Number of protein chains: 2
Amino acid sequence: MKPIILNHTENSEFLYLQLYEAIKGDILSGAMTAGEKLPSLRGLSKELGISITTTELAYNQLLVEGYVISKPQSGYYVASINPDSDIPTGHNRKSAPANLEDYTFEESPYITDLSCFDFGKWKKCAARVFNDYSGLLLFESDPQGEPALRYEISKYIYRFRGVTASPDRIVIGAGTQQITSHLSRILLKMGISHVSLEAPGYLPVQSMFRDAGFNVSHIPVAKDGIDISKLPANISSAVYVSPSNQFPTGAVMPVGRRYKLLDWAVENDSIIIEDDYDSELRYFGKPVPAMQGLDKYNRVVYLGSFSSTLFPAVKISYMVLPEEMAEIFRGIKNRYTQTCSKSEQLTLALFMEDGYYYTGIKKLRSLYAQKLQAALQAFARYAPDMVEPVDTQSGISLTVKVHSKKKASQLCSEAKSIGLQMVPLSEVTDQSTSALIFYYNQVPLEQIDKLIGELSGLWSS
Amino acid sequence: MKPIILNHTENSEFLYLQLYEAIKGDILSGAMTAGEKLPSLRGLSKELGISITTTELAYNQLLVEGYVISKPQSGYYVASINPDSDIPTGHNRKSAPANLEDYTFEESPYITDLSCFDFGKWKKCAARVFNDYSGLLLFESDPQGEPALRYEISKYIYRFRGVTASPDRIVIGAGTQQITSHLSRILLKMGISHVSLEAPGYLPVQSMFRDAGFNVSHIPVAKDGIDISKLPANISSAVYVSPSNQFPTGAVMPVGRRYKLLDWAVENDSIIIEDDYDSELRYFGKPVPAMQGLDKYNRVVYLGSFSSTLFPAVKISYMVLPEEMAEIFRGIKNRYTQTCSKSEQLTLALFMEDGYYYTGIKKLRSLYAQKLQAALQAFARYAPDMVEPVDTQSGISLTVKVHSKKKASQLCSEAKSIGLQMVPLSEVTDQSTSALIFYYNQVPLEQIDKLIGELSGLWSS
């Protein structure tokens with residue numbers, strides 16, 4: 001509804017007609033759309049300086065003529081008229097649902113299996129934030145992230161990943177892009193403008209550093225990780241590695257080579273950026289402890305995230321900085337605002353403090369391991385010659401080579417047609433490959449066998 | 001607590017001692033700090049593959065020796081020992097509070113008066129998101145912002161600011177920095193690399209555009225807004241204006257000059273970025289409708305925010321793009337992730353749909369107008385010759401000139417000593433001035449007179 005200006009100089013018994021015409025005009029022009037709630041009788045009357053009776057007369061006229069409908073104890077809503085008529089696009093609202101009930105998800109490929117996520121406990125923690133700590137919400141969040149959450153992260157990563165990090169060296173942000181953009185500014189301030197990346201590697205990381213103005217070089221990855229001998233020498237630079245589960249090769253860097261990489265960093269006054277994504281979801285044996293814990297020379301920046309271990313609507317990532325870099329960040333942090341929701345950070349802090357996060361991870365790990373087994377068995381049963389699993393160590397996805405004349409994109413859209421999410425590996429890495437990434441984590445365990453059976457039929461047809 | 005490895009080959013009756021030593025070591029080294037909760041007996045036993053009795057023995061030993069304390073029905077916590085001893089800084093957690101109860105706010109100058117914010121209603125909406133729409137939380141948020149919230153914003157700004165915007169032309173982000181960074185990418189893609197800014201103007205805006213790689217020029221502002229004759233001609237550029245309440249001059253651009261600025265944009269194939277901050281809080285007369293509503297040529301980008309109208313922990317801003325620019329954004333949006341919390345966006349959508357937001361704004365407007373009056377009256381009473389109010393039209397703050405030999409920073413710290421937040425204007429604008437900004441919105445109405453009385457005493461001493 002647009003601002004309404006009533007002409008009070010005319011006979012006031014026509015005021016209701018003016019109001020009726022104004023609202024009708026908005027409905028016919030598409031400025032108000034079906035399902036939209038009209039202002040309350042009392043509110044609109046007060047706003048326009050007219051009596052409630054006058055407003056009610058106008059609403060009743062609209063009701064009688066079918067422009068609006070009335071819902072008991074709720075109010076008046078725009079009726080569905082001329083659903084196919086042309087509406088000026090400037091302010092029509094058809095591109096979004098009028099109510100949360102009208103949401104559709106057809107376009108989203110993400111389906112999440114939340115059988116391990118204890119929504120009830122999360123809600124309880126969220127309610128505690130509002131009920132017991134609402135005073136904290138009267139202040140903006142620390143640009144570095146909520147102290148209470150940094151404290152819990154500090155505890156957690158020390159215990160489970162061997163990472164040593166006092167809370168004042170932890171920086172929280174809404175996703176890897178936020179974190180990397182802070183990191184870029186710190187590196188540039190240190191005079192580091194060159195970043196070495198793993199090849200093949202994860203494409204979004206490459207464009208993030210390139211967009212931030214870094215010179216980027218690509219260093220080949222072998223079975224035991226990045227080729228240290230090919231890293232730049234005699235200049236201060238940074239190297240981005242995922243030593244515990246390299247994407248897309250799945251390479252794990254043994255401890256001896258980790259020390260060699262640390263030596264390289266010390267000798268060349270350089271920084272190692274350790275991306276520890278998915279490490280909590282390692283299924284076989286103990287998770288490999290993080291490199292950061294081996295570092296005695298403050299050379300390692302540790303990147304972590306809650307993306308694959310909480311539910312998808314929560315976007316919280318973090319990094320652990322060596323003290324020197326943390327100091328640089330504290331010097332500039334007030335120029336930035338925290339992007340993570342404060343109440344969500346506090347909820348997560350309580351969720352971790354009460355141990356629910358750890359319990360969830362344990363369940364998740366065991367469930368995903370079962371799913372991975374089920375998927376491997378199903379491929380072996382239904383498509384032993386066609387599908388060849390490549391990386392099967394950990395994480396939330398499985399990389400497979402498919403021996404087929406069909407293109408990778410075709411194979412993926414056939415998978416999507418039965419609800420399975422697959423992505424051509426070539427879309428997210430610089431490796432030239434026909435392999436596919438299969439996100440089995442999103443499929444309920446009991447459906448994996450059946451769906452892979454169907455998929456094998458589609459693929460071989 | 002760090003990962004514990006027990007040696008099972010020794011006599012197992014000593015297992016509890018190994019565990020006791022491991023935990024004691026963590027407490028003494030500062031790796032576990034006072035107030036930190038120990039893992040549950042059951043959980044730790046399962047994790048280590050030992051009996052609950054063994055773990056209980058270890059915990060009891062720690063309890064007896066005073067390393068931990070036990071809270072009934074809650075568990076074991078690290079006791080407060082040697083509070084002044086040196087702790088290795090690598091992993092000590094003293095820099096953050098162990099519990100939400102331990103938060104302190106001494107360093108934050110922000111105090112918010114929430115007497116108008118209906119926290120109860122917000123909590124109700126948040127609970128509805130979790131209870132009725134938790135299915136929506138299984139999907140990541142749209143990089144452009146939640147459709148339901150874009151729908152509500154579309155309705156709201158049309159009704160109250162005269163802005164015409166279909167939801168697919170609205171982009172949501174966590175704060176102005178996020179929004180401006182998206183906007184910068186779109187402008188650069190359109191070949192626009194020059195931005196004109198108001199002088200004097202708001203400093204953070206200047207650094208945002210400069211950091212994003214734009215050439216920036218400064219155009220003087222008069223009583224009726226920016227000097228249009230000084231804007232670049234014959235090149236495509238952008239101009240950043242706040243026509244409804246310029247900062248720091250408080251200038252309002254009359255409608256005739258708004259049309260002239262639009263003409264300039266059409267003639268030079270240029271873009272107007274209209275920052276409509278605080279416009280909802282205009283106290284005298286009707287709010288001036290936004291420029292965007294006058295624009296028939298798709299030249300205006302409209303920036304809005306919920307920063308000063310919701311509570312400070314919520315950080316949601318948005319922009320309305322002309323269709324051409326919206327199309328560019330839709331082409332690149334999947335390279336970005338949404339930084340706003342999804343559940344907070346959905347909560348706000350419900351809060352707006354139910355009319356609570358509008359009710360709150362109305363209350364806020366009337367309360368802030370009273371506070372402004374009270375502040376002006378108090379300054380006139382206690383310091384008629386010393387304090388000269390400059391900009392008093394709208395917003396959440398008041399700009400005053402203080403005739404004093406003290407420096408602006410000194411005046412502000414005297415204000416802070418009695419809980420009033422003032423900032424030297426020169427810190428946030430490129431204007432050379434000794435004026436101060438006084439955030440009266442944060443002070444309870446009934447205390448304004450008394451506190452300004454005290455302040456006048458301090459300032460004149």
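Structure: see above.
Structural notes, computed from the coordinates. (Residues numbered from 1 in each chain as written. Chains lettered and ligands numbered in written order. Predicted model: local features only at pLDDT ≥ 70, side-chain atom pairs only at ≥ 80, totals over all residues. Heavy atoms only, no water.)

## Focus: the overall build of chain A
When helices and strands are counted, chain A shows 13 helices and 14 strands. Each of the 461 residues in chain A was classed as buried or not, and the buried ones make up 56%. When contacts within chain A are restricted to residue pairs at least 6 apart in sequence, long-range pairs at least 24 apart make up 70% of them. (Helix = DSSP H or I, 4+ residues; strand = E, 2+ residues; numbered from the N terminus. Buried < 20%, exposed > 50% of the residue type's maximum accessible area, 1.4 Å probe, protein only. Contact = heavy atoms within 4.5 Å.)

## Thoughts on the sheet that holds strand β13 (residues 422-424) of chain A
Within a sheet, each strand pairs with its neighbour through backbone hydrogen bonds, oriented either parallel or antiparallel. All names here are of chain A. Pairing is antiparallel across the open sheet formed by 4 strands, whose spatial order is β11-β12-β14-β13. In this open sheet, the two strands that pair with only one neighbour each are β11 (387-391) and β13. This sheet shows a mean twist of 35° between the axes of neighbouring strands, independent of strand direction. Strand direction decides the pairing type here: β11 and strand β12 (residues 398-402), joined by 4 bridges, are antiparallel. Bridge pairing links Asp391 to Thr399 in β12. Across the sheet, helix α12 (residues 408-417) lies against β12, β13 and β14 (436-438), angled at about 170° from β13, the strand it touches most. (Pairing = 2+ DSSP bridges. Axes fitted to C-alpha atoms, helices over the stretch in contact; angles between N-to-C directions.)

## Description of the sheet that holds strand β9 (residues 300-305) of chain B
All names here are of chain B. One open sheet holds the 8 strands; their spatial order is β3-β10-β9-β8-β7-β4-β5-β6, and the pairing between them is mixed. Both edges of this open sheet fall to β3 (170-173) and β6 (225-226), since each of them pairs with a single strand only. Two elements, strand β7 (residues 238-241) and strand β8 (residues 271-275), share 4 bridges in a ladder whose sense is parallel. Among the inter-strand pairings, Val241 is bridged to a residue of β8, identified as Glu274. Where helix α5 (residues 147-161) meets the sheet, its contacts fall on β3, β9 and β10 (317-320), and the angle it forms with β3 comes to roughly 110°. Relative to the sheet, helix α6 (residues 176-189) contacts β3, β7, β8, β9 and β10, its axis offset from that of β10 by approximately 30°.

## Some thoughts on empty space enclosed by the protein
All told, the structure shown has 8 cavities of 30 Å³ or more when counted by the stated rule. Here the largest cavity defines a volume of roughly 130 Å³. Looking at the largest cavity, it is lined by 13 residues, and the ones nearest its centre are Phe130, Ser343 and Glu344 of chain A together with Phe130 and Ser343 of chain B. Mapped by element, the contributors of at least two residues to the lining of the largest cavity are α4 (119-132) and α10 (342-353) of chain A together with α4 (119-132) and α10 (342-353) of chain B. (1 Å grid on protein atoms, 1.4 Å probe; cavity = no way out; pocket = protein on both sides within 12 Å on 5 of 7 lines; lining within 4 Å. Points joined across faces, edges and corners; volume = space filled by probe spheres on them.)

## Topic: the environment of Gly293 of chain B
Residue and element names in this part refer to chain B. You can see Gly293 is positioned in the loop between β8 and β9. Judged by its relative accessible area of 31%, Gly293 falls in the partly exposed class. Expressed as a C-alpha distance, the spacing of Gly293 and Ala165, which sit 128 residues apart in the sequence, is 9.2 Å.

## Observations regarding the interface of chain B and chain A
Taken residue by residue, the interface counts 81 residues in chain B and 80 residues in chain A. Overall, the association of chain B and chain A removes approximately 7,500 Å² of surface from exposure, summing both partners, and the carbon and sulfur fraction of that is 56%. The largest contributions to the chain B side of the interface with chain A come from Leu100, Tyr158 and Arg159 of chain B, which together make up 11% of the buried area. In this assembly, chain B and chain A are joined by 6 salt bridges. Of the charged contacts, one joins Glu47 of chain A and Arg159 of chain B as a salt bridge, the two residues approaching to 3.0 Å between their closest N and O atoms. There are 21 residue pairs in polar contact (both at pLDDT 80 or more) connecting chain B and chain A. Of all the secondary-structure elements, those providing two or more residues to the side of chain B that touches chain A are α2 (41-48), α4, α5, α6 and α10 of chain B. (Buried area = accessible area lost by both parts, 1.4 Å probe. Salt bridge = Lys/Arg side-chain N within 4 Å of Asp/Glu carboxyl O. Polar contact = N/O pair within 3.5 Å; in protein donor to acceptor, adjacent residues only side chain to side chain.)

## Digging into the relation of the copies chain B and chain A
Here two copies of a chain appear, and what relates them is a rotation about an axis with a shift along it. Each copy superposes on the other: chain B lies on chain A with an RMSD of 0.1 Å after a rotation of 180° and an axial shift of 0.0 Å. Read as a symmetry element, the transformation amounts to a two-fold axis. Taken together, the interface assignments show that 99% of the residues at the interface of chain B recur at the interface of chain A, consistent with an identical surface on both copies. (Least-squares fit on C-alpha atoms with pLDDT ≥ 70 in both.)

## Quick notes on the pairing of strand β5 (residues 215-222) of chain A
All names here are of chain A. In the sheet, strand β4 (residues 194-199) pairs with β5 via 6 bridges, with the strands oriented parallel. Counted as the bridge partner of Ser196 is Ser217 from β5. Crossover handedness for the path β4 to helix α7 (residues 203-211) to β5: right-handed. Across 2 bridges, the pairing between β5 and strand β6 (residues 225-226) is antiparallel. Pairing of Val221 across the sheet is with Ile226, part of β6. Where β5 folds back onto β6 in an antiparallel hairpin, the turn is made up of 2 residues. (Right-handed = clockwise from strand over helix to strand, strands pointing away.)

## Observations regarding helix α6 (residues 176-189) of chain A
All names here are of chain A. The end-to-end C-alpha separation of α6 is 20 Å, in line with the 20 Å expected for 14 residues at 1.5 Å each. Every buried residue belonging to α6 is among Gln178, Ile179, Thr180, His182, Leu183, Ser184, Ile186 and Leu187, and all of these are buried. Phi turns positive, to about 85°, at Gly191, one or two residues after α6. (Expected span 1.5 Å × (residues − 1).)

## Section: the side chain of Glu146 of chain A
All names here are of chain A. You can see Glu146 is positioned in the loop between α4 and α5 (147-161). For the buried residue Glu146, which engages in no salt bridge, the nearest side chain bearing the opposite charge is Lys342, 4.1 Å off. For Glu146, the side chain forms a polar contact with the side chain of Ser141, separated by 2.9 Å. (Lys, Arg positive; Asp, Glu negative; His and termini not counted.)

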